[in-house]
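Coordinate analysis (summary)
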Amino acid sequence: MQVSLDYFQQEDVLKLGQDLLGKYLMTRIDGQLTGGQIVEVEAYRGPEDKASHAWNLRRTKRNEVMYWEGGTCYVYCCYGIHALFNIVTHKKEVPHAILIRAIQPEIGIDVMLQRRKAPHLKRATTGGPGALTQALGITTKHNGLSLTGPLIWIEDKGVSIPEKDILSSPRVGIDYAGEDALLPWRYRIKDNAWTSPAK
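Residues numbered from 1 in each chain as written. Predicted model: local features only at pLDDT ≥ 70, side-chain atom pairs only at ≥ 80, totals over all residues. Heavy atoms only, no water.

Bringing helix α5 (residues 129-136) into the picture now. Across the 8 residues of α5, 7 count as buried, placing the element largely inside the fold. Along α5, the residues classified as buried are P129, G130, A131, L132, T133, A135 and L136. Tucked into the core, α5 has its buried residues touching β1 (24-29), β2 (32-45), β4 (82-89), β5 (96-107), α3 (109-116) and α4 (123-126). Two residues or fewer after α5 comes G137, characterised by a positive phi angle close to 80°. (Buried < 20%, exposed > 50% of the residue type's maximum accessible area, 1.4 Å probe, protein only. Helix = DSSP H or I, 4+ residues; strand = E, 2+ residues; numbered from the N terminus. Contact = heavy atoms within 4.5 Å.)

Below you can see the structure in the form of structure tokens.
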């Protein structure tokens, strides 16, 4: 079942980040259906979160989408190479977002391998935010799209991850955020082989 926009407009981005584990990120790009179970995310709670692009209500051409309504795709380019896929959450003008860091590939695996130029499936195929976007065909041109589809959407297939099976740890690559770099807002499914390496 496709998740409605109301789901993404919850106020607690940390709770929502954990709840997204087990949901499915799906794409139909260039007519090819691909997707997999979300197994790792990071939550960003602007404006008070120094790791957020919207810290202190910073508003730029790049991060403008963060101020749109929950259920919008925020896709930006990292290091001039990787497209990173985020889900904007909360109500309009509240810049919360959740970075999808890894999925367990299940649908359209042959297409994913072709996009990743990989001969066989391994953790690196979709383990990591830049890898999964490439596998799913997501690029910065999808920035600002609604998660109502038909190109990108989230499905609930009835999978619920128990709290005891969710690992919390600091987010990755945000040393610039000072004390906020230590916040345990990275969530992973325990013992899942598809999450990116522990830091």
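What follows concerns the pairing of β1. One face of the sheet, then the other: side chains in a regular strand alternate in exactly this way. Of all the 6 residues making up β1, 5 are buried; the element is thus mostly covered by neighbouring parts of the structure. As paired elements, β1 and β2 share 6 bridges and run antiparallel to each other. The residue of β2 that forms the bridge with R28 is L33. Connecting β1 to the next strand, β2, in antiparallel fashion are 2 residues, including D30 with a positive phi near 55°. Relative to strand β6 (residues 152-155), β1 is paired through 4 bridges, and the arrangement is antiparallel. The residue bridging M26 from the neighbouring strand is W153, located in β6. (Pairing = 2+ DSSP bridges.)

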